[in-house]
Amino acid sequence: MLRLNIVGTFLTLKHCLPAMVAAGGGAVVAISSIAGHLTHRFFGAYPAGKAGIEELVRNAADEYGADGVRCNAVRPGFVATEIMEAIPRDSSIYQSYVSNSPLGRLGEPEDVAALVHFLVSPAARWITGAVIDCDGGQSLRSGPDYAPFSAG
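Residues numbered from 1 in each chain as written. Predicted model: local features only at pLDDT ≥ 70, side-chain atom pairs only at ≥ 80, totals over all residues. Heavy atoms only, no water.

## A look at the environment of Cys134
Moving on, step 1. Position of Cys134 among the secondary structure elements: in strand β3 (residues 131-134).
Moving on, step 2. Considering only alpha carbons, one finds Cys134 and Met84, 50 residues apart in sequence, at a separation of 16 Å.
Moving on, step 3. Apart from residues lying up to four places away in sequence, Cys134 is in contact with Val74, Arg75, Pro76, Gly77, Asp111, Val112 and Leu115. (Helix = DSSP H or I, 4+ residues; strand = E, 2+ residues; numbered from the N terminus. Contact = heavy atoms within 4.5 Å.)

See the structure below:
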């Protein structure tokens with residue numbers, strides 16, 4: 001998990017940033033998770049890996065801003081993707097997501113894509129080093145309760 005999130009992001013930055021600098025600048029958007037900011041019991045190294053992505057992005061923003069490269073991250077909450085299909089819609093885990101989201105629904109991939117699209121666009125030219133929640137407001141409350149997955 002740490003290799004995927006931290007080492008993978010580090011290597012991506014290591015190999016793309018020189019090309020972006022040579023091209024005169026650009027924008028990087030990494031995908032973190034609400035778990036990079038709020039504890040997610042029973043998630044093992046996943047929250048630490050996502051928090052590592054956030055710090056790598058902030059550091060790269062500081063180091064490469066003078067070269068015209070902007071680096072940001074997005075923190076999605078529960079988004080209706082294939083990986084989240086493992087959580088039954090009638091379960092207490094699912095309900096903990098919905099009840100902790102002021103907007104009262106799951107996110108859609110398009111919700112996250114719209115924010116990423118904005119961050120790579122010229123309209124975001126003054127944004128770098130930011131980690132932006134895209135979670136329906138869930139981060140205002142608490143992470144999900146995965147206790148039912150651990151009982152066994």
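Alright, that's what it looks like, and here's the rest.
## Comments concerning the sheet that holds β3
Moving on, step 1. Read from one edge to the other, the open sheet built from 3 strands follows the order β1-β2-β3, with strand pairing classed as parallel. Of all the strands in the sheet, the pair left with one neighbour each is β1 (26-31) and β3. Adjacent strand axes in the sheet meet at a mean angle of 25° when their direction is disregarded.
Moving on, step 2. Where strand β2 (residues 69-76) and β3 come together, 4 bridges link them in parallel fashion. By the bridge assignment for β3, Ala73 is matched with Val131.
Moving on, step 3. This element, helix α1 (residues 2-22), spans β1 and β2 of the sheet and lies at about 160° to β1.
Moving on, step 4. Most of the contacts of helix α2 (residues 46-64) go to β2, to which it runs at about 160°, and overall it touches β1, β2 and β3. (Pairing = 2+ DSSP bridges. Axes fitted to C-alpha atoms, helices over the stretch in contact; angles between N-to-C directions.)

## Examining the pairing of β1
Moving on, step 1. Looking at chain direction, β1 and β2 are connected through 6 bridges and run parallel. Its bridge partner lying in β2, Ala27 is registered against Arg70.
Moving on, step 2. Crossover handedness for the path β1 to α2 to β2: right-handed. (Right-handed = clockwise from strand over helix to strand, strands pointing away.)

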